Amino acid sequence: MARFSSQKSTIVRTLSRKALQALDPVAPGVVARVAEDRWFRLPAARTRALVPGAGVAVRELLGSPFEVRLRGRAVRGWAWGEGPVVYLVHGWGGTLEQLTPLVGPLLDRGMQVIAFDGLSHGRSDPGVHGPASSDAVELGRSLDAVATRFGPARAVVAHSMGALSALLAIRDGWLAAERLVLVAPPSGIPDLLARLRSELGLGERTMRRLVERVRVRTGYVPDELDLVTIASTLAEHERPELLIVHDLLDREVPHGPSRRLRRSWPGAQLVSTTGLGHRRVLADAAVGGAVARFVDRLPVEPSLHGEDRPQPLTSEAGSDEAVGGAGYRAGAA
């Protein structure tokens, strides 16, 4: 959410930054409005159909589409199987198709799997701010709307910015969940806002106006939208059992905040993969198996290294704990 559209060239981004820096001292309100628009602008969609030949297993085609309404807008998704409900939540600019590799392992465990596209994402209707703009709060409300249709969750599995959306739905919405899996979660909005300020060189007056615009848009002050902060405000009966999965070499979302979140969440577990990056981690067989076992209330593999910090893969990298050359290791708080 803090980065500009990848469609813009480096030259355009540089010129825009210089222009904003020139305007910042004299028109902070204008600069704040431009910064808000860019910050919440979605990247180009990359949806693919759930059809044979698109890399989706046949069994994953045997579900059924559904539609729920959120403030008069359609949130569309796909449902598979029967049993305890597991919600899959995509990240910023993502779609439900990115999460379909997790469907098979969860069906094997007797779960009902529910995935959806948040407003302004995939096949769902545009959100309040138009088809190219959204935010983590709106995605959380989309999840909440879906949950009113399918009921309480055995688990929620959320990727990237979807982690913030899932936590908001659990704390402030109607969603109840026994277990929570966060895959490559960011630290939250405050760090992203600081990064945006650094990239654009925004001054203090502009930042005050931008913070207020975010509050008006989302209903939250940015400092409230931090995963550890939200976790600390969850009542004990609201707090699900937590599994975090994060690649040590993730270039989009740093691994460090996941360690911080694990330490702040009693009983949480952290599975650290190596070499899967930010998105391929969703398709890894070992990760899918670990997620499904956790959802089924079974133990996840114990730590290979015993610590959180990056370490080289061991000679056992070709074993069951490392599929496709990407090892993983787990640790508990």
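Scroll up a little and you will see the structure.
Counting of residues starts from 1 at the beginning of each chain's written sequence and follows it residue by residue. Side-chain atom pairs in this predicted model are given and counted only at pLDDT of 80 or more, local residue features only at pLDDT of at least 70, and totals for whole chains, interfaces and linings cover all residues. Remark: hydrogens and water are excluded; side-chain values derive from all non-hydrogen atoms of the structure.

## Some points on unusual backbone geometry
A negative phi angle is the norm for most residues apart from glycine, just as the trans form is the norm for most peptide bonds. Defined as follows: Strands here are runs of E lasting at least two residues and helices are runs of H or I lasting at least four, both read from the DSSP assignment and numbered beginning at the N terminus. Working definition: with a 1.4 Å probe on protein chains only, accessible area under 20% of the residue-type maximum means buried, over 50% means exposed, and in between means partly exposed.
Phi at Arg71 is positive, roughly 55 degrees, even though this residue is not glycine. Positionally, Arg71 belongs in the loop between β1 (64-70) and β2 (73-80). Unusually for a residue other than glycine, Ala184 sits at a positive phi of about 50 degrees. As for its placement among the helices and strands, Ala184 is situated in the loop between β6 (177-183) and α6 (189-200). According to the relative accessible area criterion, Ala184 is buried, its value standing at 1%.

## Let's talk about a nonpolar patch on the surface
The condition that has to hold: Grouping into patches uses exposed residues only, defined as over 30% relative accessible area, and leaves out salt-bridged ones; the cut-off is 9 Å for like charges and 5 Å for nonpolar side chains (Val, Leu, Ile, Met, Phe, Trp, Tyr). Method for areas: the Shrake-Rupley scheme with a 1.4 Å probe, in which residue coverage is limited to the protein chains shown. For salt bridges, the criterion is a side-chain nitrogen of Lys or Arg within 4 Å of an Asp or Glu carboxyl oxygen.
A cluster of nonpolar side chains, namely Leu23, Val26 and Val30, defines an oily patch on the protein surface of about 250 Å² accessible area. Residue placement: Val26 occurs in the loop between α1 (10-23) and α2 (28-39).

## Section: the pairing of strand β5 (residues 153-159)
The test is simple: Pairing between strands requires that DSSP locate at least two bridges from one strand to the other. Throughout, right-handed denotes a crossover for which the path from the first strand over the helix to the second runs clockwise when the strands point away from the viewer.
Buried residues dominate β5, accounting for seven of its seven residues. Relative to β5, strand β3 (residues 85-89) runs parallel, the two being bridged by four bridges. Each bridged residue has a counterpart across the sheet, and for Tyr87 the counterpart in β5 is Val156. As paired strands, β5 and β6 are joined by six bridges and run parallel to one another. Pairing of Val156 across the sheet is with Leu180, part of β6. In this region the chain leaves β5, passes through helix α5 (residues 162-172) and returns to the parallel neighbour β6; the handedness of that crossover is right-handed.

## What about the environment of Leu96?
With respect to the helices, strands and loops of the structure, Leu96 is situated in the loop between β3 and α3 (103-108). With 20 residues separating them along the chain, Leu96 and Phe116 place their C-alpha atoms 5.4 Å apart.

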